[in-house]
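One-letter residues, chain by chain:
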Amino acid sequence: MPREIVNIQVGQAGNQVGESFWRMLLAEHGLDEDGHYKGNDPLQLARVGVFFTEVELTGMPNKYVPRSVQIDLEEGVCDRIRSGPLGGLFRPDTFVTGSTGAGNNWAKGFYTEGAELMDNILELVRKQTEATDALQGFQMLHSLGGGTGAGLGSLLLSKFREEYPDRMLSTYSILPSPKVSETVVEPYNALLSVHQLVENSDMTMCIDNEALYELTQRTLKVKQPSFGDLNNVVSQVMCGVSTSLRFPGQLNGDLRKLAMNLVPFPRLHFLIPSYAPLYDPKAKAYVRWNTKDLTSAVFDRANLLVACDPRFGRYLTAATIFRGKVASQEAEHAVLELQRKNSAQFVEWIPDNVSVSLCSVPPVGHTQAATCLANTTAVQELFRRTLTQFAAMYKRRAFLHWYTGEGMDSMEFSEAESNTQDLIAEYQQYQEATADEEVEYEEEENAEAVEYEENVEEGEYQE
């Protein structure tokens, strides 16, 4: 029985990444663009139910329909998917679009335009979830810089948390880049969204365009990358994360296992994804990857999907997912070796902090591949960067009238700012923590216990 995942893609970025993700899933499961099976490997259909619903048609081969909801506050992107090559794949009623657009305004997505669509969306999601046997959870694709992905995406997360409190909520969130900015009000939208993500999501994979541009130009040798090239890299990571739900392997890991091993404290669930092998397609004949190379590549800064340097922080935890013919001993040995050589980079108060999953089916066109999700304190760099830009604009109350005009209170901005400051402080605290500090806590507890006993003896605590 598969553990199903419902895919929710919100806004322009979410829908474009989503389209690329579904293409890759179709290839991995041997399905054509209309959802009919054309493969020859029984493993491809064994657990296809994780992301697809099987529809039996009379006189025709069975059709596999994505368990997905496509949402946008303007019709352009969804219309393009409908009329594109994948138009016949999705159920027509799973597209929910507004007509006015959010215009990069978080408040429009969260309070006004987005809230109007909420009942339709929740009804659709309820239909999708009721048709499942054992729902694992939801994955949401959205960007944090715009209006729909950030505002409506945040609202959806809070609603899912209310309606499905015991299900996993993982998000693939495209954060503002350090140098390349698509919109001026990105810092506002991003911090208001982070404020919601901290509370409502179980795992957030952070992605940013600048790191993806660098990766495609420097490693994949694409001179002028398009969004299609960037989305391709994100899709590879997404397929890697869900791989052990979809294919058999020696060491399985699902969303819940990943979160269990990756999130030591509930608020610190912002993960940095990476992928290997990434190389110039022309050089394919000259490159040979073994397990050790894959392991060092996924921990290499050049292969990260987000612009932050893990050398400036420490790894709290990490999860590696190997695909293809990889011996479990080799994988675990490679991970252990890497931890031993770079022991200063890993916190010592979580002893075995890198988990390993193995899946025997490699991605299309590769013999071996690896995906890594790392929970490192260096991720505070992303929040600090956005917070600095946010503070500069908020100090002068720039652009604020657009948000207050939609019914927002300026207090929400102050709350989002202080919540992000707390998050950064938490990461910093655990970065500097050592294994020996526990002694002090124990001594304090013992002192309190002794004091309590003394007071009881003196009769102060008697009722």
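For the structure, check the block above.
Cut-offs applied
- Residues numbered from 1 in each chain as written.
- Predicted model: local features only at pLDDT ≥ 70, side-chain atom pairs only at ≥ 80, totals over all residues.
- Heavy atoms only, no water.
- Axes fitted to C-alpha atoms, helices over the stretch in contact; angles between N-to-C directions.
- Helix = DSSP H or I, 4+ residues; strand = E, 2+ residues; numbered from the N terminus.
- Parallel < 35°, antiparallel > 145°, perpendicular 65-115°, else oblique.
- Left-handed = near helix turned anticlockwise from the far one by under 90°.
- Contact = heavy atoms within 4.5 Å.
- 1 Å grid on protein atoms, 1.4 Å probe; cavity = no way out; pocket = protein on both sides within 12 Å on 5 of 7 lines; lining within 4 Å.
- Points joined across faces, edges and corners; volume = space filled by probe spheres on them.
- Nonpolar A, V, L, I, M, F, W, Y, C, P; charged D, E, K, R; others polar.
- Phe/Tyr/Trp six-rings, centres within 6.5 Å; stacked < 30°, edge-to-face > 60°.
- Buried < 20%, exposed > 50% of the residue type's maximum accessible area, 1.4 Å probe, protein only.
- Lys NZ or Arg CZ within 6 Å of the ring centre and 35° of its normal.
- Polar contact = N/O pair within 3.5 Å; in protein donor to acceptor, adjacent residues only side chain to side chain.
- Patch = residues over 30% accessible without salt bridge, like charges linked within 9 Å, V, L, I, M, F, W, Y side chains within 5 Å.
- Areas by Shrake-Rupley, 256 points an atom, 1.4 Å probe, with all protein chains shown as cover.
- Salt bridge = Lys/Arg side-chain N within 4 Å of Asp/Glu carboxyl O.
- Pairing = 2+ DSSP bridges.

Visitor: Got a sec to walk through the packing of helix α6 (residues 148-163) against helix α7 (residues 186-200)? Specific residues and values, please.
Guide: Between α6 and α7, the shortest axis-to-axis distance is 9 Å and the interhelical angle comes to 15 degrees. In terms of orientation, α6 and α7 fall into the roughly parallel class. Considering how the two elements wind past one another, α6 and α7 form a crossing that is left-handed. Across the interface between the two elements, Ala150, Ser154, Leu157, Ser158 and Arg161 of α6 pack against Asn189, Ser193, Gln196, Leu197 and Asn200 of α7.

Visitor: Quick rundown of the environment of Tyr275? Include the residues and the values.
Guide: Positionally, Tyr275 belongs in strand β9 (residues 270-276). With 11 residues separating them along the chain, Tyr275 and Tyr286 place their C-alpha atoms 19 Å apart. Residues contacting Tyr275, with those up to four places away along its chain left out, are Gln236, Val237, Val298, Asn303, Leu305, Pro363, His366, Ala369, Ala370 and Thr371.

Visitor: Requested: an account of the layout of surface pockets, with residues and values cited.
Guide: In this approach a probe as big as a water molecule rolls over the atoms, and the regions it shows empty are the leftover space. Here the largest pocket is characterised by a volume of approximately 630 Å³. What lines the largest pocket is a set of 33 residues, among which Gln12, Ala13, Ser143, Gly146 and Glu182 lie closest to the centre. Along the lines of polarity and charge, the residues of the lining of the largest pocket split into 13 nonpolar, 16 polar and 4 charged. By volume, the second largest pocket is sized at about 490 Å³. Where the lining of the second largest pocket is concerned, the elements lending two or more residues are α1 (11-28) and α9 (227-241). Examining the composition of the lining of the second largest pocket, we find that 5 residues originate from one element, α9, more than from any other. For the lining of the second largest pocket, a count of residues per class yields 13 nonpolar, 5 polar and 4 charged.

Visitor: Quick one: what's the story with the packing of aromatic side chains, residue by residue and with numbers?
Guide: One pass over the full model with this rule turns up 27 aromatic pairs. Measuring from ring centre to ring centre gives 5.4 Å for Tyr188 and Phe390, while their planes differ by 75 degrees; the resulting arrangement is edge-to-face. Linking Tyr188 in helix α7 with Phe390 in helix α14 (residues 380-395), this pair joins segments that are 202 residues apart in sequence. Taken individually, Tyr188 and Phe390 each receive the classification buried, so the pair is uniform in this respect. Members of the aromatic cluster, joined through ring pairs, are Phe21, Trp22, Phe51, Phe52, Phe90 and Phe95. The ring of Phe95 carries the charged tip of Arg82 above its face, separated from the ring centre by 4.6 Å.

Visitor: Explain the side chain of Arg314 to me, and be specific about the residues and the numbers.
Guide: Relative to the helices and strands, Arg314 is located in the loop between α12 (291-298) and β10 (315-324). At 3.2 Å, the side chain of Arg314 forms a polar contact with the backbone oxygen of Gln431. Setting aside chain neighbours within four positions, we find Arg314 in contact with Ala344, Gln345, Phe346, Val347, Glu348, Asn375, Thr376, Thr377, Gln431 and Ala433.

Visitor: Explain a nonpolar patch on the surface to me, and be specific about the residues and the numbers.
Guide: Taken together, the side chains of Val55, Leu57 and Met60 make up a nonpolar region of the molecular surface, amounting to roughly 220 Å² of accessible area. Structurally, the position occupied by Leu57 is in the loop between β2 (52-55) and β3 (63-66). A relative accessible area of 32% places Leu57 in the partly exposed class.

Visitor: Describe the sheet that holds strand β4 (residues 68-72), with residues and values.
Guide: Strands sit in the order β5-β4-β1-β6-β7-β8-β9-β12-β10-β11 across an open sheet of 10 strands; the sheet is mixed. If you trace the sheet from one side to the other, it starts and ends with β5 (95-97) and β11 (354-359), each paired once. Going across the sheet, the axis of each strand differs from the next one's by a mean of 20 degrees, ignoring polarity.

Visitor: I'd like a rundown of the pairing of strand β1 (residues 3-10), residues and numbers included.
Guide: Most of β1 is tucked away: 7 of the 8 residues are buried. When β1 meets β4, the two strands line up parallel, connected through 4 bridges. Considered in β4, the bridge of Val10 is made with Ile71.

Visitor: Hey, could you go over the environment of Glu199 for me, with residue numbers and the actual values?
Guide: Its location among the elements puts Glu199 in helix α7. Taking relative accessible area as the criterion, Glu199 reaches 48% and is therefore assigned partly exposed. With 38 residues separating them along the chain, Glu199 and Arg161 place their C-alpha atoms 9.5 Å apart.

Visitor: A description of the pattern of salt bridges should follow, citing residues and the corresponding values.
Guide: Under the counting rule described, the total for this entry stands at 21 salt bridges. Where Arg80 meets Glu19, a salt bridge forms, and the shortest distance between an N and an O atom there is 2.7 Å. Pair noted here: Arg80 is in helix α3 (residues 76-83) and Glu19 is in helix α1, with a separation of 61 residues, a long-range link. Accessibility expressed as a relative area gives 8% for Glu19, which makes it buried. Arg82 is the partner of Asp79 in a salt bridge, and the nearest nitrogen-oxygen pair spans 2.7 Å. Here Asp79 pairs with Arg82, and both are found in helix α3, just 3 residues apart, close to one helical turn. Look at Arg82 and you get partly exposed, because its relative accessible area is 35%. By sharing partners, the salt bridges in this structure join Glu19, Arg23, Glu33 and Arg80 into a single network.

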